[in-house]
Amino acid sequence: MNSNPRLAPAMRQSSQARDRPEKDRDENAWPKEAQLHQPPEQTQLLLAERASGLAVKAYLLQCGLPFLERISDHAEFMSPGGRLTRLPLLRLGPVRVLSEFGPIAAHVEATQPGHCLDGWLAEEQRDEMRCLASYVENVFSLAEIHFSFMDTLNYQLYTGPRSGAAHPWPLCLLRRFAKQREANRLLKVYQWTTLDPDEVLHEVSLCCGALVAKLEENEAGAKYFFGARPCQLDALVFGHVAAILSTRMPNMEMTDLLYGFPRLIAHCRRIDNSLFQGQLLAEEGEDLLDDQEEEEEEGATEQHKQN
Amino acid sequence: MEMQLGAMLHVYKGEWGLPSIDFECLRALCLLRFTRCPMEVQTSSNPLRSGTGKLPYLQIGNDKFAGYRQIKRVLDREGYPIDAHLSTKQKHLSTTYANWVFTNLHAYYHYFLYGEPHNFDTTTRSLYAKRTPFPFNFYYPSSYQKEACDVVQVMAGFDVNDKMDKHEGDYLVANAKKCVNLLSRKLGRKVWFFGDTYSEFDAIVYSYLAIIFKITLPNNPLQNHIKGCQNLVNFINRITRDIFRDEGYSSVKLTKTPSGTEANLTPSERKFLESEFNTKVVAGVGAIAAMAAFAAWRGIYNQLTTRSSTDYDGIDYEDDELEEGLD
């Protein structure tokens, strides 16, 4: 089954938009009713898809481009294709449909120079930022997919039911198998099938280490990755980190890993406070922070006993 | 150290002066030779002997480590890490850029080497088949084609099994060209991408570009593009010449030969033919001997040497046979 029928045209659209002459400016104007489609969050949305969706929302909010959120059961089938999760889906007018963070950001960069976030970066910094963004997206999405599909506990209790939730029996079973097969194929292509969970966590921690090093490179007080102003990378990192922190899964090892990088969490909270009024990380974060505080108290009482 | 147990890396033999024809094998070889790890390299290997059925694989004693990631882990553990001389920031950059190159060139490499039917049937299949032992060479190269189908489906969104006009290779070519331009800009006039020392990023760039640059495919748009970036060409040639002096291999071209086909033979194939010739001679002699023995058993020599009697004909002979049978 050809599940990515129109990926190449969708990606080409964003690259060709850069070369279009000025008379197409009207075509490239941002429509008043741009729609962002995603499956329902309570019942169907998987971790990697949620992360991608949050990243796109953060990016569009930071750019100041208006959009409407739409819940569609079959968003993944409406999607023109993509390299990783194929979601979320951005619909600009009747013809143009884009999916995934990469192509959407490229399209905005090409057609909305006034709103684009990265205009102030130098050419070399922009190259570095694009490479970092591609690396971060790959590592985080693959780790999320690996954790959702390869980890048996997560799969049985979280991913499996969600994959087939939109359809009645027996179609739900078929969708479950199809999604798992697709996830396996994706991991095989990126050569992640041979990794066991510890190695996946190791890759994520390497990525986080690189991000923290980038944050620390800037002068003190700089809030974002490339200085005082946000860029694509900030939105992307926020999307993934916030999704991992705020999604309750049976196996929380990745969340625990992220708590070992407080600078990243601070960066994420900053963006959450500015764009989402702190709501995203507030609900789940409080439960997890309470757990952490309980653990710290227990540790403190044990130390007292030893003393 | 486990190295003492006779560690051996099994890879495909090379061509056009390169140490190997396969991207993964070349990457693994770079890990070895950049760090000057004292390990032997075996080029006539059976890919199905590795645990996973693909080359490269590393054999240390009785343990087999198949695939680039495992080999890298073993080398890091044994004290030959490839990023030993890099600073932390350079290590992060190396991983980031290696991932970027993978994202852009992996799909191009797989499509134009294995996915495109014309390329695969004329060049790549025979390359791999010559380096795979009989009888696997008939079907084993198509496993690479199946892998390429998956890669192209995920990374580029079209199916290799569709008709040629549905193949959207232009997007791959455009991305690959942008990637090569970025690499050329990053390298500049430096010896290695990170200045004075090698890194994993050098290994991955060399592995992709060397093969794409040197392979003689009917349809390979990136080859000319790389030729246009002189610093990348110098980078490839320098590494091939200096570091892979011993492992580089290329078929020798004969100037004048009686038959046209011999000019296309690699020395390994000629050796194969010679050994086949020996086998043919032995087989022929054996067949003649067997036939002679059978004839002797049937008594034809007796017939020929005895004077032909008037009543000699086939019937008498058969009567003798029947009597013998009855006894």
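Here the structure is a predicted model, which means the values were calculated and not measured. (Residues numbered from 1 in each chain as written. Chains lettered and ligands numbered in written order. Predicted model: local features only at pLDDT ≥ 70, side-chain atom pairs only at ≥ 80, totals over all residues. Heavy atoms only, no water.)

Draft legend 1. Quick look at empty space enclosed by the protein. Considering all chains together, one arrives at four cavities of 30 Å³ or more under this definition. Computed from the structure, the largest cavity encloses a volume of approximately 310 Å³. Taken together, 23 residues form the lining of the largest cavity, with A:Leu84, A:Thr85, A:Arg86, A:Glu182 and A:Leu186 sitting closest to its centre. Where the lining of the largest cavity is concerned, the elements lending two or more residues are helix H3 (47-63), helix H6 (123-149) and helix H8 (171-189) of chain A together with helix H5 (141-155) of chain B. Per-element accounting of the lining of the largest cavity gives the leading share, five residues, to H8(A). A breakdown of the residues in the lining of the largest cavity according to their chemical character gives nine nonpolar, six polar and eight charged. (1 Å grid on protein atoms, 1.4 Å probe; cavity = no way out; pocket = protein on both sides within 12 Å on 5 of 7 lines; lining within 4 Å. Points joined across faces, edges and corners; volume = space filled by probe spheres on them. Helix = DSSP H or I, 4+ residues; strand = E, 2+ residues; numbered from the N terminus. Nonpolar A, V, L, I, M, F, W, Y, C, P; charged D, E, K, R; others polar.)

Draft legend 2. Fine view of the domain arrangement of chain B. Along its sequence, chain B is carved into domain 1 (88-222) and domain 2 (274-303). Computed over C-alpha atoms only, the centres of domain 1 of chain B and domain 2 of chain B are separated by 52 Å. (Domains from an automatic or database assignment.)

Draft legend 3. Highlighting the pairing of strand E1 (residues 35-38) of chain A. Residue and element names in this part refer to chain A. Here E1 shows two buried faces, one formed by Gln35 and His37 and the other by Leu36 and Gln38. Pairing analysis gives four bridges linking E1 to strand E2 (residues 68-71), with the strands arranged parallel. When the sheet's bridge partners are listed, Leu36 is paired in E2 with Glu69. Bridge count for E1 against strand E3 (residues 89-92) is three bridges, and the pairing is antiparallel. The residue bridging Leu36 from the neighbouring strand is Leu90, located in E3. (Buried < 20%, exposed > 50% of the residue type's maximum accessible area, 1.4 Å probe, protein only. Pairing = 2+ DSSP bridges.)

Draft legend 4. Representation of the interface of chain B and chain A. With 28 residues of chain B at the interface, the matching set in chain A holds 37 residues. For the pairing of chain B and chain A, the buried interface totals around 2,900 Å² over both sides, and the portion due to carbon and sulfur atoms is 54%. By the criterion of area lost to chain A, the three top residues of chain B are B:Arg69, B:Val154 and B:Tyr171, representing 22% of everything that side buries. Inspection of the region where chain B meets chain A yields six salt bridges. For the pair chain B and chain A, the interface holds nine residue pairs in polar contact (both at pLDDT 80 or more). Secondary structure elements with two or more residues in the side of chain B that touches chain A: helix H1 (23-34), helix H2 (68-77), helix H3 (88-115), H5 and helix H6 (169-187) of chain B. Looking at which element gives the most residues to the side of chain B that touches chain A, the answer is H3(B), with 11 residues. When the residues that make up the side of chain B that touches chain A are grouped by side-chain class, the tally is 10 nonpolar, eight polar and 10 charged. (Contact = heavy atoms within 4.5 Å. Buried area = accessible area lost by both parts, 1.4 Å probe. Salt bridge = Lys/Arg side-chain N within 4 Å of Asp/Glu carboxyl O. Polar contact = N/O pair within 3.5 Å; in protein donor to acceptor, adjacent residues only side chain to side chain.)

Draft legend 5. Geometry of the environment of B:Lys214. Residue and element names in this part refer to chain B. Note on placement: Lys214 falls in helix H7 (residues 200-214). Remark: the alpha-carbon pair of Lys214 and Leu18, spanning 196 residues in sequence, is separated by 8.3 Å. Sequence-distant contacts of Lys214, that is, excluding residues within four places in its chain, are made with Trp16, Leu18, Gln223 and Asn237.

Draft legend 6. Geometry of the pattern of salt bridges. Applying the stated criterion across every chain, the model contains 21 salt bridges over all chains. Here A:Asp127 makes a salt bridge to B:Arg185, at a shortest N to O gap of 2.6 Å. Highlighted residues: A:Asp127 in helix H6 and B:Arg185 in helix H6, drawn from two different chains. Salt bridges here are not isolated pairs; linked through shared partners, they connect A:Glu49, A:Glu76, A:Arg175 and A:Lys179.

Draft legend 7. Inspection of the packing of H3(B) against H5(B) at higher detail. Residues and elements named next belong to chain B. Remark: H3 packs on H5, axes separated minimally by 9 Å, with the N-to-C direction vectors making an angle of 135°. One finds that H3 runs oblique with respect to H5. With respect to the hand of their crossing, H3 and H5 are arranged in left-handed fashion. Judged by residue contacts, Phe102, Thr103, His106, Ala107, His110, Tyr111, Tyr114 and Gly115 of H3 engage Tyr144, Gln145, Glu147, Ala148, Val151, Val152 and Met155 from H5. Here the contact of H3 with H5 is composed, by residue class, of nine nonpolar, five polar and one charged. (Axes fitted to C-alpha atoms, helices over the stretch in contact; angles between N-to-C directions. Parallel < 35°, antiparallel > 145°, perpendicular 65-115°, else oblique. Left-handed = near helix turned anticlockwise from the far one by under 90°.)

Draft legend 8. The pairing of strand E3 (residues 57-60) of chain B, seen in detail. Residue and element names in this part refer to chain B. Summarising the sheet, strand E1 (residues 8-10) and E3 pair through three bridges and their orientation is antiparallel. Paired with Leu9 across the bridge in E3 is Leu58. Where E3 meets strand E4 (residues 63-66), four bridges bridge the pair, whose relative direction is antiparallel. Directly across from Tyr57, in E4, lies its bridge partner Ala66. If you look at the hairpin formed by E3 and E4, you'll find two residues sitting between the two strands, and Gly61 has a positive phi there, around 65°.

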